[in-house]
Amino acid sequence: MTLTETRGFRAYKVVGRRDEAQDVVTFTLSAPDNGARAGHHLIVVAPLDPGLRREYSISAITADELEITVKREGIVSSWLHETIHPGNVLTASAPRGSFLLEDRDMPLVLLSCGIGITPMMAMAQEALGRGREVHFVHIARDRAHHAFRKQIDLYRDNGLVSHVTYKYGGDTAECDHVGEFTVDQLREILPGCAVEVKICGPSRFMQAMYDAAVELGVARNHIAWEAFGPSTLVPRTTPNERAVNQDTSGTAHSADTPETPLVTFAESQVTARWDPTSHSLLDFAEEQGVFPNYACRQGSCESCMTRVTDGEFEYVDEPFEAPGEGFVLLCCSRPVTDIELAI
């Protein structure tokens, strides 16, 4: 089928559907010449309310097909589970996103929890195909909620090193560990600190894994995470980094070091100097105790659209649809000059 494209959206024919785990379904979409990469996602449009969209990670890629794997947990996912079957057509974006594998020879470590496993499946497939060493850590509620169990077993036959934790039930005949996954376990699993780390799951899990990876010596620029909906993390400094910062604080604002832009949140009456380690204005706002509306954190849903009353900004991640003049999507932008936002 030839994909039709209108305002960035396409029509995908559903050619397959299968149950993956309890409340989790995989949909196979006809998508010739899709150009997808592991880590990409689709923005799916649901004909329920005008503009209702959700992002779903691509869990498998071939030259002619894509798969998205959806957990039933909201309006759109329930509609997909109840309504969409082979023969139906879905309206969705072209594959997009920046949560991609780097072109590195070092081992790849995938850390996922719950439905956060979906982009990791495509990453494992791509990395193993490149001949990379892949370590896959997944935390599931129990066996019934463990998506892709059989597929992971197949990847093991192709060299994947995996560790599965069931948090609330099971025995070691079904998984590698039962209970909480700890930093000590991650230390034992990591094949050294010269690795590329990808993280996807609930906020608490992602924050814990990010902090642990940094503490164990993994370079920050070798760690990436996928944040959809309410899931996010804050790249906090470690005690060692804080000590270094204190040692060099006397030169932080020397004559040779330009100051970063001032960011003013007008309605909240908060002004702070931009932190270059913040990924976006949304992240920076939350760090200052200002909590704007958001949903996708990917420049797709426009929930974080905010009026700019003064100053200039740039998009660090290209939004799916940029808002009109005088507005900014906080989740994928940074200030270029001093800026005032009407929140």
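Residues numbered from 1 in each chain as written. Predicted model: local features only at pLDDT ≥ 70, side-chain atom pairs only at ≥ 80, totals over all residues. Heavy atoms only, no water.

What counts is decided by this rule: UniProt positions are given in the numbering used here, feature names are shortened, and annotations may be inferred rather than shown by experiment.
If you check an unreviewed UniProt entry, the protein chain appears there as Ferredoxin-NADP reductase from Mycolicibacterium frederiksbergense. We quote the UniProt Cofactor (unreviewed entry) comment for the protein chain here in full: "FAD".

## Here we look at the overall build of the protein chain
Going by this rule: Helix and strand labels come from DSSP, where a helix needs a run of H or I of at least four residues and a strand needs a run of E of at least two; each type is numbered from the N terminus. Burial here depends on accessible area, computed with a 1.4 Å probe over protein chains only, as a share of the maximum for the residue type. Under 20% is buried, over 50% is exposed, and the range in between is partly exposed. Residues are treated as being in contact if the distance between any of their heavy atoms lies within 4.5 Å.
When helices and strands are counted, the protein chain shows seven helices and 20 strands. Across the 343 residues of the protein chain, 49% fall into the buried class. Residue pairs in contact within the protein chain that sit at least 24 positions apart in sequence constitute 64% of those at least 6 positions apart.

## Digging into the state of the cysteines
Defined simply, a disulfide is a covalent bond joining two cysteines at their sulfur atoms. Cut-off, in case you're wondering: Note on terminology: pairs of cysteine sulfur atoms within 2.5 Å are recorded as disulfides.
For the structure shown, the criterion picks out zero disulfides. As a non-bridged cysteine, Cys113 has Cys200 as the owner of its nearest cysteine sulfur, 9.7 Å distant. Under the relative-accessibility criterion, Cys113 is labelled buried at 17%.

## Quick look at the sheet that holds strand 20 (residues 339-341)
To summarise the sheet geometry, strands pair through backbone hydrogen bonds and adopt either a parallel or an antiparallel arrangement. How we decide: Pairing between two strands requires that DSSP report at least two bridges joining them. Helix axes are fitted only over the stretch in contact, all axes being lines through C-alpha atoms; the angle between N-to-C directions runs from 0 to 180 degrees.
Strand order in the open sheet formed by five strands is 15-14-20-16-18, with mixed pairing between adjacent strands. The open sheet has two edge strands with one neighbour each: strand 15 (270-273) and strand 18 (327-329). For this sheet, the mean inter-axis angle between neighbouring strands, taken without regard to orientation, is 30°. Taken together, the three bridges between strand 16 (residues 305-310) and strand 18 define a ladder with antiparallel strand orientation. From the neighbouring strand, Thr306 faces strand 18, where its bridge partner is Val328.

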